[in-house]
Amino acid sequence: MNSVSQHIALQVLVCTIGDEGIARVASSHLPAVAGVEYVVCWQAPTKSAPVPRSLAGRGDVRVLRHSSSGVSRNRNFAIGAATAPLALFGDDDVDYSAQGLACLIETARSLPDADIICCRHTRCGLFPKPYPESAVTVAHAPRGYYTTSFEIAFRPERVRRAGLRFNEHFGIGAPFFICGEEVLFVYDARRASVGVYVVPVTVCVHDHLTTGARDLNTPDFIKTNGAVQARLHPATFLPRLMVHAWRSSRSGGVGWRGYMNHALRGVFYACRHRVFCRKD
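Attention here is on the structure that accompanies the text. (Residues numbered from 1 in each chain as written. Predicted model: local features only at pLDDT ≥ 70, side-chain atom pairs only at ≥ 80, totals over all residues. Heavy atoms only, no water.)

### What to know about the pattern of salt bridges
Should the charged atoms of two oppositely charged side chains come close, the side chains can pair.
Consideration 1: In total, this model carries 13 salt bridges according to the counting rule given.
Consideration 2: For R165, the salt bridge identified is with E168, shortest N-O distance 3.3 Å.
Consideration 3: The class for R165 is partly exposed, based on a relative accessible area of 34%.
Consideration 4: A salt bridge links R231 to D188, with the shortest nitrogen-to-oxygen separation between them at 3.5 Å. Of the two residues, R231 sits in helix α8 (residues 219–232) while D188 sits in helix α6 (residues 181–191), which places them 43 residues apart along the sequence.
Consideration 5: Relative accessible area serves as the criterion here: at 21%, R231 is assigned to the partly exposed category.
Consideration 6: By sharing partners, the salt bridges in this structure join R73, R165 and E168 into a single network. (Salt bridge = Lys/Arg side-chain N within 4 Å of Asp/Glu carboxyl O. Buried < 20%, exposed > 50% of the residue type's maximum accessible area, 1.4 Å probe, protein only. Helix = DSSP H or I, 4+ residues; strand = E, 2+ residues; numbered from the N terminus.)

### What to know about unusual backbone geometry
Consideration 1: At S193, a position not held by glycine, the phi torsion is positive, near 60°.
Consideration 2: Within the fold, S193 resides in the loop between α6 and β9 (196–205).
Consideration 3: Residue S193 is classed as exposed on the basis of its relative accessible area, which comes to 68%.
Consideration 4: Positive phi is not limited to glycine here, since R274 has a value of about 50°.
Consideration 5: As for its placement among the helices and strands, R274 is situated in the segment after α10 (256–272).
Consideration 6: Here R274 falls in the exposed class, since its relative accessible area comes to 54%.

### Considering the pairing of strand β6 (residues 116–122)
Consideration 1: The element β6 is extensively covered by neighbouring structure, given that seven of its seven residues are classed as buried.
Consideration 2: Pairing of β6 with strand β8 (residues 152–154), which is carried by three bridges, proceeds in the antiparallel orientation. Paired with I117 across the two strands is A153, which belongs to β8.
Consideration 3: Pairing geometry for β6 and β9, over six bridges, is parallel. Along β9, the bridge assignment pairs R120 with T202. (Pairing = 2+ DSSP bridges.)

### As for a nonpolar patch on the surface
Consideration 1: A grouping of L238, M242, W246 and W256 is seen on the molecular surface, where their side chains present a nonpolar patch of about 390 Å² in accessible area.
Consideration 2: The element contributing the most residues to the nonpolar patch is helix α9 (residues 237–250), with three residues.
Consideration 3: Its place among the elements puts M242 in helix α9.
Consideration 4: Given the relative accessible area of 35%, M242 is considered partly exposed. (Patch = residues over 30% accessible without salt bridge, like charges linked within 9 Å, V, L, I, M, F, W, Y side chains within 5 Å. Areas by Shrake-Rupley, 256 points an atom, 1.4 Å probe, with all protein chains shown as cover.)

### Details of the packing of α8 against α9
Consideration 1: In contact at an axis separation of 9 Å, α8 and α9 are set at 145° when each is read in the N-to-C sense. For α8 against α9, the interelement crossing comes out right-handed. Contact residues: α8 offers N225, G226, Q229 and A230, while α9 offers F237, R240, L241 and H244.
Consideration 2: Grouping the amino acids of the contact of α8 with α9 by side-chain chemistry returns three nonpolar, four polar and one charged. (Axes fitted to C-alpha atoms, helices over the stretch in contact; angles between N-to-C directions. Left-handed = near helix turned anticlockwise from the far one by under 90°. Contact = heavy atoms within 4.5 Å. Nonpolar A, V, L, I, M, F, W, Y, C, P; charged D, E, K, R; others polar.)

### Quick look at the side chain of N167
Consideration 1: On the secondary structure map, N167 appears in the loop between α5 (156–161) and α6.
Consideration 2: Looking at N167, its side chain comes within polar contact range of the main-chain nitrogen of H169, at 3.0 Å.
Consideration 3: Reaching out from N167, the side chain makes a polar contact with the backbone oxygen of V275 at a distance of 2.9 Å.
Consideration 4: Sequence-distant contacts of N167, that is, excluding residues within four places in its chain, are made with S72, E181, V275 and F276. (Polar contact = N/O pair within 3.5 Å; in protein donor to acceptor, adjacent residues only side chain to side chain.)

### Focus on the nonpolar core
Consideration 1: Ranked by size, the top nonpolar core spans 34 residues in total, and within it L10, V12, L88, Y96, L101 and L104 carry the most contacts.
Consideration 2: Secondary structure elements with two or more residues in this core: β1 (10–17), α1 (18–27), β2 (36–43), β4 (86–91), α4 (98–110), β6 and β9.
Consideration 3: No other element matches β9, which puts five residues into this core.
Consideration 4: Apart from the residues lying within four places of it in its own chain, the contact partners of L88 are L10, Q11, V12, L13, Y96, L101, L104, F150, E151, I152, A153 and V203.
Consideration 5: The next biggest cluster of nonpolar side chains, apart from the first, holds 27 residues, and it includes C41, Y131, V159 and V186. (Core = buried A, V, L, I, M, F, W, Y, C linked by side-chain atoms within 4.5 Å.)

### Some points on the environment of R58
Consideration 1: With respect to the helices, strands and loops of the structure, R58 is situated in the loop between α2 (53–56) and β3 (61–66).
Consideration 2: For R58, a relative accessible area of 25% gives the class partly exposed.
Consideration 3: Here the alpha-carbon distance between R58 and L164, two residues 106 residues apart in the chain, equals 31 Å.
Consideration 4: Among all residues touching R58, those that are not within four sequence positions of it are L30, P31, A32 and Y38.
Consideration 5: One polar contact links R58 to D60, side chain to side chain, over a distance of 2.8 Å.

So this is what it looks like as structure tokens:
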């Protein structure tokens with residue numbers, strides 16, 4: 001693995017795919033911050049566009065091309081590529097805060113036991129979910145909190161040592177399950193006794209709906225939720241899904257029976273294809 005200059009304290013691992021993706025990275029706000037490097041992990045086809053000049057001309061940006069597909073595979077590539085003591089997953093449509101990135105570096109130094117540090121983001125000037133007012137372990141995060149991929153910072157060496165990877169059956173570009181990969185990543189981290197904290201540090205702006213929020217009432221999302229709930233709560237996933245189905249029917253979404261049918265399809269698919277069995 002290549003060594004990184006000692007002055008790089010944080011690498012922002014921006015994952016993207018295709019020519020449109022790299023164009024989005026080029027148009028996003030990547031502020032120059034002392035000690036921060038942007039590593040763009042670009043899933044690029046054989047005949048892809050050149051690296052945009054706005055990225056190629058910067059000393060704090062590196063673009064790494066590779067030929068895989070699927071966001072979870074890209075994030076696993078990024079984990080392997082990270083060389084700084086601290087890294088932050090990023091997306092191609094996120095605008096970063098210089099103050100937030102600097103604050104993240106200092107916060108990580110103040111939490112030596114934290115292997116994974118989940119931060120905050122804003123959407124249209126507001127927080128899209130409840131966050132704690134001080135640093136807490138993820139087990140003590142406020143009710144209603146959930147993990148978003150581009151909020152996840154981590155210490156690469158510790159994460160690699162624990163064998164943590166994103167489940168490549170989940171996420172955009174996966175064959176069946178369209179999201180849920182970050183929730184499973186944090187779940188696997190906790191099972192591996194990796195220290196996961198949530199901190200009140202706002203690192204970026206994302207003024208679009210995430211996949212989960214946008215596709216909440218679609219069959220693909222419901223199938224994914226079924227599999228994720230079965231993984232997170234193996235003893236109680238069925239009543240939990242019934243509650244989700246009831247809430248969906250009451251809020252004008254998918255009806256109770258339809259919701260359960262989609263959710264159980266996800267559960268059966270996960271079992272049949274052994275998606276939670278590591279092959280490496």
